[in-house]
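For reference, the chains in residue letters:
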Amino acid sequence: MNPPLVDIGLNLAHDSFDHDREAVVAEALAAGVHHMVITGSTLESTRAAIALARGAPGRYRATAGIHPHHAREFHDADLSLLRELLAAPEVGAAGECGLDWYRNFSPHADQERVFRQQLELAIEAGKPVFLHQRDAHDAFMAIVREYRARLAGGVAHCFTGDERELRDCLDLGLSIGITGWICDERRGQHLRELVRLIPADRLMIETDAPYLLPRDLQPKPRGRRNEPKYLPHVLAAVAGCRGESPQAVAEATACNALSFFGFEIPIANH
Ligand SMILES: [Zn+2]
């Protein structure tokens, strides 16, 4: 029997799942994805993530945070609300939070302000952080370094960087989340080598669904929506690149994720 998998990045509150969310989850469970971390990226999606997690606490954890894309809409008056959401027992990490200078949907100053505020809240709550970074590595590292000693932990979700960036993250004791980006023969080739450098106790896997449908998935699903049921595909790619069995990678990544996000499941039973 295959060991159960944990998808640490699933935007299950996304409206593309509104019409068939239950079926999406049922198919994920059937594919062995027994645990999922539902990403909060705005106040609204965080509320929705917590509500979903509340319905099946053994299966789900939520994150509570403001994605850097939405930093401009986040005001200091919203801080107490985010603090409350982060304190919910269903919430396993603060985030997603970080810097995204690729799309630049929010000005850098807003992104840095809201990132710092969330690191402070994470420290206050004693919860780890779910980190997003794109094209902003040096600024991002400078900020994480300031807070790292006080943080309960952190995962660089959807890591897509180069070897220097990976080593910086590992040096700071961060865990690394790998998505189907590694299946992309154009953009993800470098990750196939880098994924071998990640210690087994720091590795986690994720779909980032509905985004980032693995490019080499056959047959291509209609609508090109990514789903948590494709996590075994990411697992197979990661295991293949590391020269390890999918079982071994499944066990290690699940064990890491269950403890990082505080799933209330005795790991020995899995
Ligand atoms: Zn992200």
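Refer to the structure above for everything that follows.
Residues numbered from 1 in each chain as written. Predicted model: local features only at pLDDT ≥ 70, side-chain atom pairs only at ≥ 80, totals over all residues. Heavy atoms only, no water.

Chemist: Would you mind going over the environment of valine 6 with me for this structure?
Modeler: Within the fold, valine 6 resides in strand 1 (residues 5–10). On the accessibility criterion, valine 6 (2% relative accessible area) is buried. In sequence terms valine 6 and aspartate 216 are 210 residues apart; their C-alpha atoms lie 21 Å from each other. Excluding residues that lie within four positions of it along the chain, valine 6 makes contacts with His35, Ile205, Leu231, Ala254, Ala257, Leu258 and Phe263. (Helix = DSSP H or I, 4+ residues; strand = E, 2+ residues; numbered from the N terminus. Buried < 20%, exposed > 50% of the residue type's maximum accessible area, 1.4 Å probe, protein only. Contact = heavy atoms within 4.5 Å.)

Chemist: Looking at this model, I keep getting lost on the layout of surface pockets. Mind explaining?
Modeler: The probe, sized like a water molecule, is rolled over the atoms to show the empty space still left. Reported here for the largest pocket is a volume of approximately 690 Å³. Forming the boundary of the largest pocket are 25 residues, of which His67, His69, His132, Asp208 and Tyr211 lie nearest the centre. Contributing elements (two or more residues each) for the lining of the largest pocket: strand 4 (91–100) and strand 5 (129–134). No other element matches strand 5, which puts three residues into the lining of the largest pocket. A per-class count over the lining of the largest pocket returns six nonpolar, 12 polar and seven charged. Its volume calculated, the second largest pocket comes out at about 180 Å³. (1 Å grid on protein atoms, 1.4 Å probe; cavity = no way out; pocket = protein on both sides within 12 Å on 5 of 7 lines; lining within 4 Å. Points joined across faces, edges and corners; volume = space filled by probe spheres on them. Nonpolar A, V, L, I, M, F, W, Y, C, P; charged D, E, K, R; others polar.)

Chemist: Would you take a moment to explain the pattern of salt bridges for this structure?
Modeler: Charged atoms that come close allow side chains of opposite charge to pair. Per the counting criterion, the structure on display carries 18 salt bridges. Arginine 225 is the salt-bridge partner of aspartate 20, the closest N and O atoms lying 2.9 Å from each other. One end of the pair, aspartate 20, is in the loop between strand 1 and helix 1 (21–30); the other, arginine 225, is in the loop between strand 8 (203–205) and helix 8 (231–242), and 205 residues separate them in sequence. When its relative accessible area of 15% is taken as the criterion, arginine 225 is described as buried. Sharing partners across several salt bridges, the network here consists of Asp20, Glu27, Arg225, Glu227 and Lys229. (Salt bridge = Lys/Arg side-chain N within 4 Å of Asp/Glu carboxyl O.)

Chemist: Help me out: how do you make sense of the pairing of strand 7 (residues 175–178) in this one?
Modeler: Two faces belong to every sheet, and in a regular strand the side chains alternate between them. A two-sided burial pattern is seen for strand 7, the buried positions comprising Ser175 and Gly177 on one face and Ile176 and Ile178 on the other. The sheet contact formed by strand 6 (residues 154–156) and strand 7 spans two bridges and is parallel. Directly across from alanine 156, in strand 7, lies its bridge partner isoleucine 176. In the sheet, strand 7 pairs with strand 8 via three bridges, with the strands oriented parallel. Paired with isoleucine 178 across the bridge in strand 8 is isoleucine 205. A crossover links strand 7 with its parallel partner strand 8, the connecting element being helix 7 (residues 189–194), and its sense is right-handed. (Pairing = 2+ DSSP bridges. Right-handed = clockwise from strand over helix to strand, strands pointing away.)

Chemist: I'm lost on helix 1 in this one. Help?
Modeler: Because each turn of an α-helix spans 3.6 residues, side chains separated by three or four positions end up pointing in the same direction. Where helix 1 is concerned, the buried positions are Arg21, Val24, Val25 and Ala28. In a view along the axis of helix 1, the buried residues occupy a sector of 95°, so they form one face of it. Exposed side of helix 1, more than 90 degrees from the buried face: Glu22 and Ala30 are the residues found there. (Arc of directions from axis to C-beta.)

Chemist: I'm lost on unusual backbone geometry in this one. Help?
Modeler: Most peptide bonds adopt trans geometry, and most residues besides glycine take a negative phi value. Residue proline 210 follows alanine 209 across a cis peptide bond; omega there is 5°. Among the structural elements, proline 210 can be located in the loop between strand 8 and helix 8. Of note, the bond from glutamine 218 into proline 219 is cis; its omega dihedral lies within 30 degrees of zero at -10°. Assignment of secondary structure puts proline 219 in the loop between strand 8 and helix 8. Notably, aspartate 208 is not glycine yet its phi reads approximately 60°, a positive angle. Backbone geometry at arginine 224 places phi at a positive 60°, although glycine is not the residue there. Structurally, arginine 224 can be placed in the loop between strand 8 and helix 8.

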